[in-house]
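Per-entry structural report
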Amino acid sequence: MPAVMPTSILPPPERLLLGMFFMCLASTLFPMMNGLVQVLSARYPSEQIVWARCVAHLIVVLALFAPHFGFSNLIRTTQLKWQVTRSLVLLMSTCFAFVGFKYLELAKAASISFTGPFIVTLLAWPMLGERISVTRLATVGVAFVGVVIVIRPGSDVFHWASLLALGSATCYALYQIVTRRVAGKDRPETSAVYSVLIGSLLMTAVVPFVWVPVQSLTDACLLFLLGVFGGLGHYCVARAMTYGPANILSPFSYWQMVGSVVVGYFVSGKLPDSWTWIGAGIIISAGLYMGWRETQVTRPARAV
């Protein structure tokens, strides 16, 4: 995992700008990947699309790291149980998300995914023993009010796929928590490989039962681009965190909302309704406040 510098010692402005650039780039790549999922879902089953996403990502990671470390060193781990768990929950997150993208607007799915940090806050308490303050708990509550506004359960616009998006965010939160357990015990490159290794093996066993022949070279390229966009997006997030504090750079991930609106419009010709904008605004505002509050609380302690 990338090292995160204290907020009391800010890097030079040019390094912060690089961090902002990489975070915005990641938040551009993810909506592009999600848009491809929506396009390909009309012709291929979700299992095949998830398989392409995992395998292409694995190929990209191995191409980057195997020449330097060697394959045997890359897969050598002291945390096999947790690495397998990481890969499984990330696979579940991907499956939930990709099925959800078949039915949801990208902007709505992105809004729900923004709840990930709040779910991490809740789960880190029982799983990692990290205490949660009343202020942070209240912020989590406000964020989930925003989710209810976006999903609107019980209304005519409610879609069951919204629950898949929420399940994807929950699984990804679990992935982040388990990643904390292996950080510092396995090399980051090993964790990067295991994040998609188990998922690739499992989906390779499943995909022959649902396989639909790839219709064109263009579709083959699009399927491979799923892994390229996903892998590069995760790399850009990790790279961004090496240039500045997470509290300063993480809010730039909300650029994904803009990218989701633009890509969603090109794919489906639809724009989010006003309630989706309101709910997304509440979630994003809660996230920005939590980041600001964390900065204010930790800065005096770190300065001392």
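Chains are numbered independently. Their residues run from 1 in the order of the written sequence. Per-residue local features of the predicted model are confined to residues with pLDDT of at least 70, and side-chain atom pairs are confined, for both listing and counting, to 80 or more; whole-chain, interface and lining totals are unaffected and use all residues. Think of the side-chain values as coming from all heavy atoms in the structure, minus any hydrogens and water.

Looking at the overall build of the chain
Our working rule: Helix and strand definitions follow DSSP, with helices as H or I runs of at least four residues and strands as E runs of at least two, each counted in order from the N terminus. Relative accessible area decides the class of each residue, using a 1.4 Å probe on protein chains only: under 20% of the type maximum gives buried, over 50% gives exposed, and in between gives partly exposed. Throughout, a residue-residue contact means that at least one pair of heavy atoms, one from each residue, lies within 4.5 Å. Here the Shrake-Rupley method, with its probe set to 1.4 Å, supplies the accessible areas, and only the displayed protein chains count as covering residues.
Looking only at helices and strands, the chain has 13 helices and zero strands in total. Here the chain holds 304 residues, and 45% of them are scored as buried. Across the chain, every contact between residues at least 6 apart in sequence was considered, and the portion connecting residues at least 24 apart equals 89%. Summed over all atoms, the accessible surface of the chain reaches about 14,600 Å², with 70% contributed by carbon and sulfur.

Observations concerning the environment of Val206
You can see Val206 is positioned in helix 9 (residues 188-206). Remark: the alpha-carbon pair of Val206 and Glu47, spanning 159 residues in sequence, is separated by 7.6 Å.

Notes on the packing of helix 5 (residues 106-113) against helix 8 (residues 161-182)
The condition that has to hold: Axis geometry follows a simple rule: fit a line to the C-alpha atoms, using only the stretch in contact for helices, then measure angles between N-to-C directions, giving values from 0 to 180 degrees. Small angles under 35 degrees read as roughly parallel and large ones over 145 as roughly antiparallel, with 65 to 115 read as roughly perpendicular and the rest as oblique. Handedness of each helix crossing follows the sense of rotation of the near helix against the far helix: counterclockwise by less than a right angle gives left-handed, clockwise gives right-handed.
Where helix 5 contacts helix 8, the axes come no closer than 8 Å and their chain directions differ by 40 degrees. If you check the angle between helix 5 and helix 8, you find them oblique. As for the relative orientation of helix 5 and helix 8, their crossing is right-handed in sense. Residues Lys108, Ile112 and Ser113 of helix 5 touch helix 8, and the partners they reach there are Ser162, Ala165, Leu166 and Ala169.

Focus: the side chain of Ser93
Mapped onto the secondary structure, Ser93 falls in helix 4 (residues 80-101). On the accessibility criterion, Ser93 (6% relative accessible area) is buried. Every residue in contact with Ser93, bar those within four places of it in the chain, is listed here: Ser168, Cys171 and Tyr172.

Quick word on the confidence of the model for the chain
A low pLDDT score tells you not to read the predicted coordinates there in detail. Rules: Along the chain, pLDDT gives the predictor's confidence residue by residue, from 0 to 100.
Here the chain averages 82 in pLDDT, and 88% of its residues register 70 or above. Mean pLDDT values for the elements of the chain range from 66 in helix 11 (residues 246-249) up to 92 in helix 4. Ignoring residues within four places in sequence, the model shows residues 1-8, a span with pLDDT below 50, making 27 contacts including any to other chains.

Considering the packing of helix 4 against helix 9
Threshold: Gly falls in the polar group here, along with every residue not listed as nonpolar (Ala, Val, Leu, Ile, Met, Phe, Trp, Tyr, Cys, Pro) or charged (Asp, Glu, Lys, Arg).
As a packed pair, helix 4 and helix 9 sit with axes 8 Å apart at the nearest point and diverge in direction by 60 degrees. Comparing their axes, helix 9 and helix 4 come out oblique. In this structure, the crossing between helix 4 and helix 9 has a hand that is right-handed. Contacts from Leu80, Gln83, Val84, Arg86, Ser87, Leu88, Leu90 and Leu91 in helix 4 reach Thr190, Ser191, Tyr194, Ser195, Val196, Leu197, Ile198, Gly199, Leu202 and Met203 in helix 9. Along the lines of polarity and charge, the residues of the contact of helix 4 with helix 9 split into 11 nonpolar, six polar and one charged.

Quick look at helix 7 (residues 134-151)
The periodicity of an α-helix, 3.6 residues per turn, causes residues three or four places apart in sequence to face the same way. Using the following cut-off: Expected helix span is given by 1.5 Å per residue-to-residue step, counting one fewer step than there are residues.
The first and last C-alpha atoms of helix 7 sit 26 Å apart over 18 residues, in line with the 26 Å expected at 1.5 Å per residue. Buried within helix 7 are the following residues: Thr139, Val140, Ala143, Gly146, Val147, Ile149, Val150 and Ile151. After helix 7 finishes, the residue Arg152 shows a positive phi value of roughly 55 degrees.

Section: the side chain of Ser260
Relative to the helices and strands, Ser260 is located in helix 12 (residues 255-268). Looking at Ser260, the relative accessible area reads 2%, which means it is buried. Apart from residues lying up to four places away in sequence, Ser260 is in contact with Pro31, Leu106, Ala107 and Ala110.

Topic: helix 10 (residues 217-240)
Rule in force here: A residue's bend is given by the angle between axes fitted to the 7 residues ending at it and the 7 residues starting at it.
Helix length check: helix 10, at 24 residues, gives a terminal C-alpha distance of 34 Å against a target of 34 Å (1.5 Å per residue), a fit within 8%. If you look at helix 10, its biggest bend is around 25 degrees, right at Phe224. All buried positions along helix 10 are accounted for by Asp219, Leu222, Leu223, Leu226, Gly227, Val228, Phe229, Gly230, Gly231, Gly233, Cys236 and Ala240.

A word on the nonpolar core
Just so we agree on the cut-off: By nonpolar core is meant a set of buried Ala, Val, Leu, Ile, Met, Phe, Trp, Tyr and Cys residues that side-chain atoms within 4.5 Å join together.
By size, the foremost hydrophobic cluster in this structure holds 50 residues, and its most contacted members are Leu40, Ile49, Phe98, Phe101, Phe118 and Leu226. Among the elements that take part in this core, helix 1 (residues 13-40) stands out by supplying nine residues, more than any other. Excluding its chain neighbours within four sequence positions, the residues that come into contact with Phe101 are Asn34, Val37, Gln38, Leu106 and Ala109. In this structure, Leu58, Val61, Tyr194 and Leu197 belong to the second largest nonpolar core, which totals seven residues.

Some words on a nonpolar patch on the surface
Under the convention used in this document: Put simply, a patch holds well-exposed residues, over 30% relative accessible area, that have no salt bridge, with like charges counted together within 9 Å and Val, Leu, Ile, Met, Phe, Trp or Tyr side chains within 5 Å. For this document, the term salt bridge refers to a Lys or Arg side-chain nitrogen within 4 Å of an Asp or Glu carboxyl oxygen.
A contiguous nonpolar surface patch, about 420 Å² in accessible area, is contributed by Trp255, Val258, Val262 and Phe266. Along the chain, the position of Val262 falls in helix 12.

Remarks on the environment of His159
Inspection of the secondary structure puts His159 in the loop between helix 7 and helix 8. Take His159: its relative accessible area is 25%, and that puts it in the partly exposed class. Between the alpha carbons of His159 and Tyr103 there is a distance of 8.1 Å; along the sequence they are 56 residues apart.

Examining the environment of Val60
If you trace the backbone, Val60 turns up in helix 2 (residues 46-69). In sequence terms Val60 and Gly227 are 167 residues apart; their C-alpha atoms lie 7.5 Å from each other.

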